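The residues making up each chain are set out below.
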There are 2 protein chains.
Amino acid sequence: MVAAVAANCVIGVDIGGTKMAVGVVDESLGVLHRIQQASDGEDATELLDRLTAMVDEAIEAAPGEVLGVGFGVAGILDAKTGMIAASPHLPLVGVPFEALMGERLGVPVAVDNDGNTSMLAEWLHGAAKGASDAVMLTVGTGIGGGIVANGELVRGSSGGGAEFGHMVVDQDGERCSCGGVGHYEWYASGDAIGRAGQLAAVEHPDSALAEAAAAGREITGSLVTEFGHDGDAASVEAIVKVGQRLGQGMVSIANIFNPQLIVVGGGAIAAGDLLLDPAREIVEREALASLGTNVSVVPAQFGADAGVIGAAVLALEQPAAA
Amino acid sequence: MVAAVAANCVIGVDIGGTKMAVGVVDESLGVLHRIQQASDGEDATELLDRLTAMVDEAIEAAPGEVLGVGFGVAGILDAKTGMIAASPHLPLVGVPFEALMGERLGVPVAVDNDGNTSMLAEWLHGAAKGASDAVMLTVGTGIGGGIVANGELVRGSSGGGAEFGHMVVDQDGERCSCGGVGHYEWYASGDAIGRAGQLAAVEHPDSALAEAAAAGREITGSLVTEFGHDGDAASVEAIVKVGQRLGQGMVSIANIFNPQLIVVGGGAIAAGDLLLDPAREIVEREALASLGTNVSVVPAQFGADAGVIGAAVLALEQPAAA
């Protein structure tokens, strides 16, 4: 037997609103070791303590030198202050996350919004490889995003942009959890698929959805997607409606960014073309001439490990880790 | 008397939907000579003939060497094909404009969308000077725009982006002239001020607007703006409503681009803070934390000559003219 060569690697950390995932990732983006925990209910100190323990465990498990740790955080970073400026689901607002984790871990640390890390991974290694202009939508509980323009990642003046979930798509519409009105993620997220499914269950009493609701099951986006793939017409109808709403926001994105690609990731992409085909139809029909026809709407390449891989790519791209 | 030194200059050409303006512009952006004509009613050949004659006249009138000619066109350019891909008001769709005008004029020619040229002028020499991230909205008959991100002008993959007027802001709303649904320019343009004024004239029969309507005057955005500045409450109300709609679109822009500045130009900026203050209030209240507070909404620096100066700056920035 030939002895295994200890490869260099990085740690990728995906901090979502409901779970935290840590992975040891090698330079060819293989995930060698995974640790996952729920992320709800703690305060900032407790969260940082648990993150530190998880990352330390991953560093121990790594087969070679750990070049750095990347974090993708479900929140808005403010590059000017080094703080997390907003995060709907995490107790990290006002926390100088990068500085604190750098001190605790003693290895190079990089932090970015999780939409930006997903865009980075898809652009450098995935579905948007080689694009000069691309937009990523991470469609899950809400809608996050990332932007590549002129062959560069665009984060905005203080690092907080690409919040596509908070585009106004219905100016007299529903109040968003952020306080705004009529935002894209209310109408076109994974949660929106769940809500459309609840409505469809009422409208179609003979559907699998209605049966599930009657049996006391919660009608979530995942369940609607599962039934949709099994051919339940009411579920398909719900997904198509949300796909059309998703497409309307993509019309804005095509008309503003004129991208080669709109890459769709996040949990909702489990619905696949049931979701994307109605979106594509709207984009082809309603984006401006030459903009709608020049853009492709494609699923993200990285699946369940997208968050961890995105954070790992961030760490690999840091000058300190080079 | 000291003999005047013949300064280098460029020709800036603004081709709008209703008028064409040509100016001789020196390197400090002074407009030395102006020619203006209506642009409606002709076919492509006739339009190119008239443009050529106007530019030749301007070259004759120039006091020094003409380094190049810049064109800002109200239309979507396709950099891949060199054609104008779309233009709602000009007979130039499918015309290889840059190639044809370059042949005819025999001097270096540069062509861009008029929103992009306005952004370029404001960014290099005007209200957005020094910004790394800025968005320009040219609010007139419709809404055009331009983008600076990461310290570069962003035109998209085929040069046709920044069409902010065609963001979907009302997903079940009015059909746009482009074929889309619920686009920003229907609700927040200079024409929208005119439409809001027509409504206000009916709702407030004792207003200056109602009097003007009764006297058979057309209620346009300009007239509503004039009455608003004179203190007519119904006109002010109409402008405030449109300013709030303008602000809702800016919420999307702040959340997506996280810019330091949103620069507002175009004819509607004649309304000044009557229009911008309601927009600013919405942005401060509804953009995401740290994004709404980090952005300033400011009027464009270049006024009536903005189109000509923007096109001139494009010509000055061309490598061929350096």
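Cut-offs applied
- Residues numbered from 1 in each chain as written.
- Chains lettered and ligands numbered in written order.
- Predicted model: local features only at pLDDT ≥ 70, side-chain atom pairs only at ≥ 80, totals over all residues.
- Helix = DSSP H or I, 4+ residues; strand = E, 2+ residues; numbered from the N terminus.
- Rg over C-alpha atoms; globule rule 2.2 N^0.38 Å.
- Buried ≥ 20, exposed ≤ 12 C-beta atoms within 10 Å, placed from the backbone.
- Contact = placed C-beta atoms within 7 Å.
- Least-squares fit on C-alpha atoms with pLDDT ≥ 70 in both.
- Pairing = 2+ DSSP bridges.
- pLDDT = per-residue confidence, 0-100.
- Expected span 1.5 Å × (residues − 1).
- Axes fitted to C-alpha atoms, helices over the stretch in contact; angles between N-to-C directions.
- Nonpolar A, V, L, I, M, F, W, Y, C, P; charged D, E, K, R; others polar.
- Domains from an automatic or database assignment.

**Some thoughts on the overall build of chain A**
Across its full length, chain A carries 10 helices and 12 strands. Taken over C-alpha atoms, the radius of gyration comes to 20 Å for chain A, in line with the 20 Å a tight globule of 322 residues would show. For chain A, the spread of C-alpha atoms along the principal axes amounts to about 55 × 50 × 50 Å. When burial is assessed residue by residue, chain A has 59% of its 322 residues classed as buried. Restricting to contacts in chain A with at least 6 residues of sequence separation, those with at least 24 account for 65%.

**Description of the relation of the copies chain B and chain A**
For the pair chain B and chain A, the relating rotation is 180°, the translation along its axis is 0.0 Å, and the fit reaches an RMSD of 0.0 Å. The symmetry that links the two subunits is that of a two-fold axis. Looking at the interface residues of chain B, 100% of them are also at the interface in chain A, so both copies use one shared face.

**Some remarks on the sheet that holds strand 12 (residues 296-299) of chain A**
All names here are of chain A. Strand order in this open sheet of 5 strands is 10-9-8-11-12, and the pairing throughout is mixed. Every interior strand has two partners, whereas the edge strands, strand 10 (152-153) and strand 12, have only one. Of the pairings in the sheet, the one linking strand 8 (residues 134-139) to strand 11 (residues 261-265) comprises 5 bridges and is parallel in character. Bridge assignment links Leu137 to a residue of strand 11, and that residue is Val264.

**Details of the confidence of the model for chain A**
Detailed conclusions should not be drawn from predicted coordinates in areas where pLDDT is low. Within chain A, residue pLDDT values average 93, and 97% of them lie at 70 or more. Among the prediction metrics, the complex's ipTM stands at 0.93, with pTM recorded as 0.94.

**Some details on helix 9 (residues 273-286) of chain A**
All names here are of chain A. Compared with an ideal rise of 1.5 Å per residue, which puts 14 residues at 20 Å, helix 9 spans 19 Å between its outermost C-alpha atoms and is within 8% of the ideal. Here helix 9 has its buried residues at Leu274, Leu275, Leu276, Ala279, Arg280, Ile282, Val283 and Glu286. Turning to helix 9, the residues buried within the fold contact helix 7 (221-229), helix 8 (233-257), strand 11 and strand 12.

**Concerning the sheet that holds strand 4 (residues 66-73) of chain A**
The strands making up a sheet associate through hydrogen bonds between their backbones, and the pairing can be parallel or antiparallel. Residues and elements named next belong to chain A. Ordered in space as 3-2-1-4-7, the 5 strands form an open sheet in which the pairing is mixed. At either margin of the open sheet sits one strand with a lone partner, and together these are strand 3 (31-38) and strand 7 (109-113). Going from strand to strand, the sheet's axes swing by 15° on average, the running direction of each strand aside. With 7 bridges connecting them, strand 2 (residues 19-26) and strand 3 associate as antiparallel partners. Across the sheet, the residue bridging to Gly23 is Arg34, located in strand 3. Contacts from helix 10 (residues 306-317) reach strand 1 (9-15), strand 2, strand 3, strand 4 and strand 7 within the one sheet, and its direction differs from that of strand 1 by about 130°.

**What to know about the pairing of strand 6 (residues 83-86) of chain A**
All names here are of chain A. By the bridge criterion, 3 bridges tie strand 5 (residues 76-78) to strand 6 in an arrangement that is antiparallel. Residue pairing for strand 6: Leu77 is matched across the bridge by Ile84. Connecting strand 5 to the next strand, strand 6, in antiparallel fashion are 4 residues, including Gly82 with a positive phi near 75°.

**A word on the interface of chain B and chain A**
Across the contact, 45 residues belong to chain B and 45 residues belong to chain A. Mapped by element, the contributors of at least two residues to the side of chain B that touches chain A are strand 5 (76-78), strand 6 (83-86) and helix 8 (233-257) of chain B. Looking at which element gives the most residues to the side of chain B that touches chain A, the answer is helix 8 of chain B, with 8 residues. When the residues that make up the side of chain B that touches chain A are grouped by side-chain class, the tally is 19 nonpolar, 19 polar and 7 charged.

**Details of the domain arrangement of chain A**
In many analyses, interface size is given as the accessible surface area lost on bringing the parts together. Residue and element names in this part refer to chain A. We note that the domain assignment places domain 1 (9-113 + 305-321) and domain 2 (128-299) within chain A. Put simply, the middle of domain 1 and the middle of domain 2, counted by C-alpha atoms, are 27 Å apart. In this complex, domain 1 contributes 9 residues to the contact, which on the side of domain 2 involves 7 residues. The element best represented in the side of domain 1 that touches domain 2 is strand 5, accounting for 3 residues. Across the side of domain 1 that touches domain 2, the residue classes break down as 6 nonpolar, 1 polar and 2 charged.

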